[in-house]
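# Close look at the chain arrangement
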Amino acid sequence: MTSGDRTPVRVGVFGLLGSGNLGNDGSLEAVLGYLRTEHPEAVVDALCGGPEVVTARYRIPATRLHWYRGEYRTASRAGAILGKGLGKLVDAVRTAAWVRRHDVVIVPGMGVLEATLPLRPWGFPYALFLLCASGRLFGTKVALVGVGAAPIRDRATRALVRRSARLAAYRSYRDALSRDAMRDMGVDVARDEVYPDLAFSLPTPPASVPSDGRVCVGVMDFHGGNDDRARAEEIHRRYLDGTTRFVRALVEDGRPVRLLTGDEVDATVVAAIIEAVDSPLVTASQAASLAELMEETAAADTVVATRYHNLVCALKVGTPTLALSYAAKSDALMAQMGLDTYCHPAREADADRLIEQFRELEKRSAELRQTLAERNLAAGRRLDHQFTALTAAVFPAADHAPRETS
């Protein structure tokens, strides 16, 4: 049978995509690149948070993840509470109908099995459970590809995450800590592999020669994690104060500072720092993709960043990086890339200690750039293996059989 006689495989991508988080969209971009290279005949669409953005940017059909448009806003009025409740029932039917139309559904990267940031069980964990349960019901293979996981204290959230993982046809993780977390939740991970974050498979921008001493500082609207709700404002004030003092110290040394974000919600932190420091040396990046973030970090002497995918971008382009770490995943990433010495807890942002670590990092800049070059080559090889394994695990055999020639 020739390739023209085969029915194209139907592939769905699922997640909080097109919703303003650059890391999530970068993971989607990596998977779409794989599909276009390895499965060019696949028919691809999305069930996602921002369907208009996904369709406009990636040119694939997309459907809104939730029927109720106020899903991620706090419901206080009776109408909003009723809308959310009804939405859960409608979403069960919508998700099942969408899954049934596909052969494979891929959840591309993202921290879908963790609660390191504030999260309610009836939000995304419930949506993921509907996806995986529908996949099992209709025989659609659901693949959790290069995802993040972490210990979860909330009982309901943990139960939904554990059940979703068990129902998936394929799982791989972006670090060993994620696999360990799922094992501790009771998931059999004997066949689950660990690979670098999917964003390491994205194209690297042309090499840039830093010339003006620029420092990129990646900031975040950080209020702690799911278990820190009672202290959220205190944590945020400490983080913002420490980061602002650090930026001010760089400016006093005459260093240009470029502020980076990774999500639309981070804009308030950028504005607060710019107002507090009040210097023409401090500017804000308008990067709207991981590719543009990579260009920013490649043009810097050094990067200090909080968001996970700000770190990934800096490390991928080989720029010495200091992590303002808000979760174990950041520490694990830095260790993978040989920079585990250069982590600082975001919850305890101490400008004086940050400056000390920053100066130590810059002294070793040439050495660390070489280390990053070597680690990036290894990451690329591992991700080639990831995509080969994914094809073998979830795609119909005929779709990846050798092409017949005439």
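Above this note sits the structure.
Residues numbered from 1 in each chain as written. Predicted model: local features only at pLDDT ≥ 70, side-chain atom pairs only at ≥ 80, totals over all residues. Heavy atoms only, no water.

## Quick look at the nonpolar core
As a rule of thumb, nonpolar side chains are buried together in soluble globular proteins. Inclusion rule: Residues grouped as a nonpolar core are buried Ala, Val, Leu, Ile, Met, Phe, Trp, Tyr and Cys residues, joined through side-chain atoms within 4.5 Å. Only protein chains enter the accessibility calculation, which uses a 1.4 Å probe. A residue is then buried if its area is under 20% of the maximum for its type, exposed if over 50%, and partly exposed in between. We call two residues contacting when some pair of their heavy atoms lies within 4.5 Å.
Judged by nonpolar contacts, the single largest core of 122 residues is most densely connected at Phe 14, Ile 106, Leu 113, Leu 128 and Met 182. If near-sequence neighbours (up to four positions away) are discounted, Leu 128 is found in contact with Phe 14, Val 107, Val 112, Leu 113, Leu 144 and Ser 164.

## Focus on the packing of aromatic side chains
As a reminder of what qualifies: Ring pairs shown here join Phe, Tyr and Trp side chains whose ring centres sit within 6.5 Å, with only the six-membered ring taken for Trp; geometry is labelled stacked below 30 degrees between planes, edge-to-face above 60, and tilted in between. Numbering of helices and strands runs from the N terminus, with a helix taken as a DSSP run of H or I at least four residues long and a strand as a DSSP run of E at least two residues long.
Tallying each qualifying case throughout the model produces six aromatic pairs. A centroid spacing of 6.3 Å and a plane angle of 75° characterise the contact between Tyr 34 and Phe 395, whose relative ring orientation is edge-to-face. Remark: Phe 395 occurs in the segment after α13 (365–394) and Tyr 34 occurs in helix α1 (residues 22–38); sequence separation between them is 361 residues. In terms of burial, Tyr 34 and Phe 395 fall into one category: buried. Summarising the aromatic geometry, the rings of Phe 222 and Tyr 326 are spaced 5.9 Å apart at their centres and angled 50° between planes, so their arrangement reads as tilted.

## Description of the sheet that holds strand β3 (residues 62–64)
Selection rule: The pairing criterion is simple: DSSP has to find at least two bridges between the two strands. The angle between two axes is taken between their N-to-C directions and runs from 0 to 180 degrees, where each axis is a line fitted to C-alpha atoms and a helix contributes only its stretch in contact.
Here seven strands make up an open sheet; going across it, the order is β3-β2-β1-β4-β5-β6-β7 and the pairing parallel. Only two strands of the sheet have a single neighbouring strand rather than two, namely β3 and β7 (193–194). In the sheet, strand β4 (residues 104–108) pairs with strand β5 (residues 141–147) via five bridges, with the strands oriented parallel. The residue bridging Val 104 from the neighbouring strand is Lys 141, located in β5. α1 contacts β1 (10–15), β2 (43–48) and β4 of the sheet and is inclined by roughly 140° relative to β4.

## Some details on the packing of helix α7 (residues 232–252) against helix α8 (residues 267–277)
As a reminder, the rule being used: Roughly parallel means an angle under 35 degrees; roughly antiparallel means over 145; roughly perpendicular covers 65 to 115; every other angle is labelled oblique. Handedness of a helix crossing follows the sense of rotation of the near helix relative to the far helix, less than a right angle counterclockwise being left-handed and clockwise being right-handed. Three residue categories are used. Nonpolar comprises Ala, Val, Leu, Ile, Met, Phe, Trp, Tyr, Cys and Pro, charged comprises Asp, Glu, Lys and Arg, and polar comprises the others, including Gly.
Running from amino to carboxyl end, α7 crosses α8 at an angle of 50°, the nearest separation of the two axes being 10 Å. In terms of orientation, α7 and α8 fall into the oblique class. Here the hand of the crossing between α7 and α8 comes out right-handed. Residues His 236, Leu 240, Thr 243, Thr 244, Val 247, Arg 248 and Val 251 of α7 form the contact with α8, whose participating residues are Val 269, Ala 272, Ile 273, Ala 276 and Val 277. Classifying every residue of the contact of α7 with α8 gives eight nonpolar, three polar and one charged.

## Details of the pattern of salt bridges
Test applied: Note on definitions: salt bridges are taken to be side-chain nitrogens of Lys or Arg within 4 Å of carboxyl oxygens of Asp or Glu.
In the structure shown here, the tally under the stated rule is 21 salt bridges. Note that Arg 64 is salt-bridged to Glu 52, the shortest N-O span being 3.0 Å. Linking Arg 64 in strand β3 with Glu 52 in helix α2 (residues 51–58), this pair joins segments that are 12 residues apart in sequence. Residue Glu 234 is joined to Arg 231 by a salt bridge in which the shortest nitrogen-to-oxygen separation is 3.8 Å. Shared partners join several salt bridges into a network, and the residues in it are Glu 114, Arg 174, Asp 197 and Lys 329.

## Quick look at unusual backbone geometry
One non-glycine residue, Arg 59, lies in positive phi territory at about 60°. Inspection of the secondary structure puts Arg 59 in the loop between α2 and β3. Classification of Arg 59 as exposed rests on a relative accessible area of 76%. The phi dihedral of Met 110 falls on the positive side, at around 70°, and the residue is not glycine. Within the secondary structure, Met 110 sits in the loop between β4 and α4 (124–138). By relative accessible area, which is 4% here, Met 110 ends up buried.

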